[in-house]
Amino acid sequence: MIYVDGPNDTRKVAKAHPLYTLLHNSPNADQSALDFWQFVCVSLELWGDAFARIERGRSGKIIALSPIRPELVKPRRTPDGAIRYRYSDGGKTYDLGQDEMFHVRGFGGAALGGMSTLSFGRQSFGLALATEEASAQVYKNGLRPSGVLTTKDSATLKKDQRDDIYEHVVGRFGGENNGKPLVLEAGLGWQSIAISPVDGQMIQSRQFSVEDCCRWFGVPPHMIGHTSNSTSWGTGLEQQTLGFLIFTLRERLKRIEQAIMKQLLTAAERLTVTVEFNFEGLLRADSAARAAFYSSMVQNGIMTRNEVRRLENLPPLDGGDELTIQSNMIPASKLGEVTSGSGEAARRSIMDWLFPEGAPGLAPAKQKEDA
């Protein structure tokens, strides 16, 4: 969301700003905003950088952001200290300056590019792939990965005999033919070697691989359906999700916000224009949390009722633009004084305490007595 500063430290959504439509609705002719930002986030995690070509109109205003696959772009620093970006597309090579390329850097934040999650977690991801491949091979062979062929009286085989065994026994009864009847002759015997999943700890290894990959990306395991060691519902997962928003998502979105501010806004615009992701939008799927948030904001005079209704796509109400504050809290020292009188006296005692100079529309107590 793009905001512009107003008088008295206020700000409002800058729908008239040229970047609003690009960032909020459609950055280019082919993608929606969701498509574009998903491409940016995937690029940051897998390659450590996200690139989009900045296209400008005749007036110099930005009219489109066209994404570029990160593996095609080669950033470099020129002798004069500037950074340029070279990439090839469709047999044509482009060499762009910093004012022509939108560059979001990943973890590390180096000027020429960040580090991808895959690069610094490659050992864990490689182990996960190896475990998956080994498990597939074991289950493919019916949990009987291998066996031993023995000869009677430890007889020594000749080369041609050994070749025949590999060709007619090992080759024919391995792989997909595993489990078929096996006919042995010439004193050959078969001794099976079976390894159970428990002995190989394949299940535990695969579970650990899931958790290890989640750890690198900063994603709670329950968000990808891995709930073997925790409940699949309740407050525990709510706190994990909140931690994901605070410690993972916010840092990544802040990186994008600052890249937009630095590269897509002019120096003059940065004095009055702010770009922020709206985290409250994540509450839309949680009706109870959303209602509690709105109630607190309205009762404490931070938001008006019409501002809340606008967020819920409801029409405004007459008089709903005025801030209201809950006023039913009184000091403990006034409690006996307030509750000991009649209804009118109690009401006047509260009003005198809240409005010592006289409430609007209510004459002070002394004036009434004189009258």
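Only a predicted model underlies this, so the values are computations on that prediction, with no experimental measurement involved.

Q: How do you make sense of the environment of Leu 34 when you look at a structure like this?
A: Take Leu 34: it is sitting in helix H2 (residues 33–47). On the basis of relative accessibility, which here comes to 63%, the residue Leu 34 falls in the exposed class. When the C-alpha atoms of Leu 34 and His 24 are compared, they prove to be 8.7 Å apart, with 10 residues separating the residues in sequence.

Q: So what exactly am I meant to see when it comes to the sheet that holds strand E11 (residues 273–275) here?
A: Consider a sheet: its strands pair through backbone hydrogen bonds, and that pairing is either parallel or antiparallel. Read across the sheet, 3 strands follow the order E2-E1-E11 without closing on themselves; strand pairing throughout is antiparallel. Bordering the open sheet on either side are strand E2 (11–13) and E11, each of which pairs with just one other strand. Recorded for the sheet is a direction-independent mean angle of 30 degrees between the axes of neighbouring strands. Where strand E1 (residues 2–5) lies against E11, 3 bridges are found, and the strand directions are antiparallel.

Q: I keep staring at helix H9 (residues 287–299) and nothing clicks. Help me out?
A: For H9, with 13 residues, the first-to-last C-alpha span of 18 Å sits near the 18 Å given by 1.5 Å per residue. Taken together, the buried positions of H9 are Arg 290, Tyr 294, Met 297 and Val 298. Buried residues along H9 cover an arc of 95 degrees about the axis, so they all sit on one side. Structurally, H9 contributes buried residues whose contacts are with helix H10 (305–311). One or two residues past the end of H9 sits Gly 301, with phi positive at roughly 70 degrees.

Q: Quick question: what am I supposed to make of the pattern of salt bridges here?
A: Two side chains with opposite charge may pair up if their charged atoms get near one another. Under the defined criterion, the tally for this structure stands at 8 salt bridges. Here Arg 69 and Glu 71 are joined by a salt bridge, their closest N and O atoms 2.6 Å apart. With relative accessibility at 33%, the residue Glu 71 sits in the partly exposed group. Taking the shortest distance from any N to any O, the salt bridge between Arg 76 and Asp 95 comes out at 3.1 Å.

Calculation criteria
- Residues numbered from 1 in each chain as written.
- Predicted model: local features only at pLDDT ≥ 70, side-chain atom pairs only at ≥ 80, totals over all residues.
- Heavy atoms only, no water.
- Helix = DSSP H or I, 4+ residues; strand = E, 2+ residues; numbered from the N terminus.
- Buried < 20%, exposed > 50% of the residue type's maximum accessible area, 1.4 Å probe, protein only.
- Pairing = 2+ DSSP bridges.
- Axes fitted to C-alpha atoms, helices over the stretch in contact; angles between N-to-C directions.
- Expected span 1.5 Å × (residues − 1).
- Arc of directions from axis to C-beta.
- Contact = heavy atoms within 4.5 Å.
- Salt bridge = Lys/Arg side-chain N within 4 Å of Asp/Glu carboxyl O.

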